[in-house]
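# Chain and residue survey
Residue strings, one per chain:
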Amino acid sequence: ASVGEKSGTVKNKGGAQEFHTSPKIAAGFAAGVSFLAYPVLYFLDQPDTGVEHEVFLALIGVAVCTTVLFLSQKIAFAGLPPQSRGDWYLGWFSLFAFTAIVDLLLAFTISGDISLISWYLAKGERYLQSSYGFAANLWDGTTHWALYIIMIYGLCSSNRDTYRPVYLFWVGSIMFSMYALIIGGCIGEYSHEIQPSTFLNIPYGLIPIYFLARVLRTPAPEPSPAARRRSSPALSFIFIGLFSAAVVLCYVRVCAAAGSRWPTAVNWREQWEPLLVDKSRFFFMQAFTVFFFAVPLFLSAIYSLLLGATPANVQRLADAAALVAGGMAQTQFCLVIGATHALTPAEYHVPADTLPAYLLLQVGLLTLVPAAFAYHIHYNRAVHGVLFSPAPETLKAD
């Protein structure tokens, strides 16, 4: 049996046989551990567990997270081959999968479907009691949970580098989420209700940065010959037009969020996206996050599609596209839910007459287009440019 792809026995240096856990078993174990969140929360929901005290609640959170991290690293992944066993990101992703289930239960609590974890909303992160908090927790408990399991499988496999786009998609998604959630919570109407439990989010801000650095330091897999074929100039023109429209829209949105008196920004703020001035400031932060992180990619894509790019720059563009695709997916998911959710004050709802066009712009232009480009640039690495192509000797250079 090949190590890292399926369970089997291999001989160590002393000649003894060792059993190696397969990636599927490791990922399945991590998924199983994550579902222990429900009995843990059920226990904490009982009387006299101390969760009514803010500081003690934060300490309980630290203890639970530390236990899950230790058990995952020392038990769930102990049977992995040596090249995977010492990867401490496996333990972190297993912990994050556990807390993703916690967030899913939080989302159901926020929406009023259950009351299992209402004590955490009262004594922990109170700013989650908003339409953005509901949407962000729902996204974490579904999409992020699935990504954690896939990434654990990828890190345990022998071809872990082929999961590079998945790693980058998750980093973009979690970082866009944390920027809006933490900064918005600190500057918005919930800023006076920050509790010690808020600091439990620190790993979600640091681990993705360290993991991103490791992914970018790792050489990307060599693209297949089919991926080097020249893409259609017509498709390049379509992406150029769509990204140009996206840049204009993002600029209008950030001007509207900043309170600009520019008539176009005023009209957008009042008739299209009142969410941008919601007192929670989550959607305000989203607009600025998109402008400062996604717009540079859009402009780089336009430049490369017009004038061409070397293979090294195409790889950088592909990495950035996967990051932004993840961030935009999370951002627009929360935005679409917040546009009409009952937890959003009525005065900040998107007007009914502009809602269909608004959803088309948010879902189509700012969600599907970045995702489609990320897919396109991953499988079509030859960006020659529709106006100008780099010299052949330049295209061969790294």
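Our structure's up above, just so we're on the same page.
The structure reproduced in this document is the subject of the present report.

Procedures and definitions
Residues numbered from 1 in each chain as written. Predicted model: local features only at pLDDT ≥ 70, side-chain atom pairs only at ≥ 80, totals over all residues. Heavy atoms only, no water. Helix = DSSP H or I, 4+ residues; strand = E, 2+ residues; numbered from the N terminus. Buried < 20%, exposed > 50% of the residue type's maximum accessible area, 1.4 Å probe, protein only. Contact = heavy atoms within 4.5 Å. Areas by Shrake-Rupley, 256 points an atom, 1.4 Å probe, with all protein chains shown as cover. Salt bridge = Lys/Arg side-chain N within 4 Å of Asp/Glu carboxyl O. Phe/Tyr/Trp six-rings, centres within 6.5 Å; stacked < 30°, edge-to-face > 60°. Expected span 1.5 Å × (residues − 1). Axes fitted to C-alpha atoms, helices over the stretch in contact; angles between N-to-C directions. Left-handed = near helix turned anticlockwise from the far one by under 90°. Nonpolar A, V, L, I, M, F, W, Y, C, P; charged D, E, K, R; others polar. Polar contact = N/O pair within 3.5 Å; in protein donor to acceptor, adjacent residues only side chain to side chain. Core = buried A, V, L, I, M, F, W, Y, C linked by side-chain atoms within 4.5 Å. Parallel < 35°, antiparallel > 145°, perpendicular 65-115°, else oblique. Patch = residues over 30% accessible without salt bridge, like charges linked within 9 Å, V, L, I, M, F, W, Y side chains within 5 Å. Arc of directions from axis to C-beta.

Counting secondary structure elements, the protein contains 15 helices and 2 strands. Taken across its 398 residues, the protein has 52% of its residues classed as buried. Sequence-distant contacts in the protein: of pairs separated by 6 or more residues, those separated by 24 or more amount to 76%. A total of about 17,700 Å² of accessible surface is found on the protein, and carbon and sulfur atoms cover 67% of it.

A few words on the pattern of salt bridges. With the rule as written, the count across this model stands at 4 salt bridges. Close ionic contact of Arg160 with Asp87 constitutes a salt bridge, the shortest N to O distance being 3.2 Å. Here the residue Arg160 occupies a position in the loop between α7 (131–156) and α8 (164–187), and Asp87 occupies one in the loop between α4 (82–85) and α5 (88–110), the gap between them amounting to 73 residues. The pair formed by Arg160 and Asp87 is uniform in burial state, with each residue classed as buried. In this structure, Arg253 engages Glu273 in a salt bridge whose closest nitrogen and oxygen atoms are separated by 2.8 Å. One end of the pair, Arg253, is in helix α10 (residues 233–257); the other, Glu273, is in the loop between α11 (263–272) and α12 (282–307), and 20 residues separate them in sequence. The exposure class of Arg253 is buried, given its relative accessible area of 1%. By sharing partners, the salt bridges in this structure join Asp87, Arg160 and Arg214 into a single network.

Overall, the coordinates contain 36 aromatic pairs when judged by the stated rule. The rings of Trp88, Tyr89, Trp92, Phe93, Phe96, Tyr148, Tyr167, Trp170, Tyr204 and Phe211 are connected pair by pair, giving a single aromatic cluster.

Turning to α5, a few remarks are in order. An ideal rise of 1.5 Å per residue puts 33 Å on 23 residues; α5 measures up with 33 Å between its terminal C-alpha atoms. Burial of α5 is extensive: 21 of the 23 residues sit out of reach of the surface. Just beyond α5, the residue with positive phi is Gly112, at close to 90°.

All right, on to the packing of α12 against helix α13 (residues 311–338) then. Look at α12 against α13: their axes get within 10 Å of each other, and the N-to-C directions meet at 145°. Here α12 and α13 pass one another in a crossing that is left-handed. Between α12 and α13, the residues in contact are Phe283, Gln286, Val290, Phe293, Ala294, Leu297, Phe298, Ser300, Ala301 and Ser304 and Leu317, Ala320, Ala321, Val324, Met328, Gln330, Thr331, Cys334, Leu335 and Gly338, respectively. Considering only residue class, the contact of α12 with α13 consists of 14 nonpolar, 6 polar and no charged.

With that settled, consider the side chain of Arg126. Here Arg126 is to be found in the loop between α6 (118–123) and α7. For Arg126, the side chain forms a polar contact with the main-chain oxygen of Ala122, separated by 2.5 Å. Look past the residues within four positions of Arg126 in its chain and what remains in contact with it is Glu54, Leu121, Tyr190, Glu193 and Gln195.

What follows concerns the nonpolar core. Among the nonpolar cores identified, the biggest contains 116 residues, and Phe93, Phe96, Tyr148, Trp170, Phe211, Phe298 and Phe373 are the most heavily contacted of them. Per-element accounting of this core gives the leading share, 16 residues, to α5. Setting aside residues no more than four positions away along its own chain, Tyr148 makes contact with Phe93, Phe96, Ala97, Ala100, Asp140, Trp170 and Ile174.

Interhelical geometry of α10 versus helix α14 (residues 355–379) gives an angle of 135° and a closest axis separation of 10 Å. Compared by their axis directions, α10 and α14 come out oblique. For the pair α10 and α14, the crossing hand works out as left-handed. Across from Leu235, Phe239, Leu242, Phe243, Ala245, Ala246, Leu249, Cys250 and Arg253 in α10, the residues of α14 making contact are Leu361, Gln362, Leu365, Leu366, Val369, Ala372, Phe373 and His376. When its residues are assigned to classes, the contact of α10 with α14 shows 14 nonpolar, 2 polar and 1 charged.

Turning our eyes to something else, we now look at the environment of Val215. Its place among the elements puts Val215 in helix α9 (residues 202–217). On the basis of relative accessible area, Val215 is assigned to the buried category, the value being 6%. C-alpha of Val215 to C-alpha of Arg164: the two residues are 51 residues apart in sequence and 7.1 Å apart in space. Those residues in contact with Val215 that lie beyond four places of it in its chain are Arg164, Tyr167 and Leu168.

So, on to a nonpolar patch on the surface. A cluster of nonpolar residues, Phe29, Phe70, Leu71 and Ile75, forms a patch on the protein surface that exposes about 400 Å² of accessible area. With 3 residues, helix α3 (residues 54–76) is the single largest residue contributor to the nonpolar patch.

Assignment of secondary structure puts Thr354 in the loop between α13 and α14. One polar contact links the side chain of Thr354 to the main-chain carbonyl oxygen of Gln271, over a distance of 2.9 Å. Filtering out sequence-adjacent residues up to four positions away, Thr354 remains in contact with Gln271 and Trp272.

Let us now look at α11. Along α11, the residues classified as buried are Ala265, Trp268 and Arg269. All buried residues of α11 lie within an arc of 95° about the axis, which places them on one face of the element. Seen from the open side of α11, the exposed residues pointing more than 90 degrees away from its buried face are Pro263 and Glu270. The secondary structure elements touched by the buried residues of α11 are α10 and α14.

Phi is positive for Arg281, close to 70°, though the residue is something other than glycine. Tracing the sequence through the fold places Arg281 in the loop between α11 and α12.

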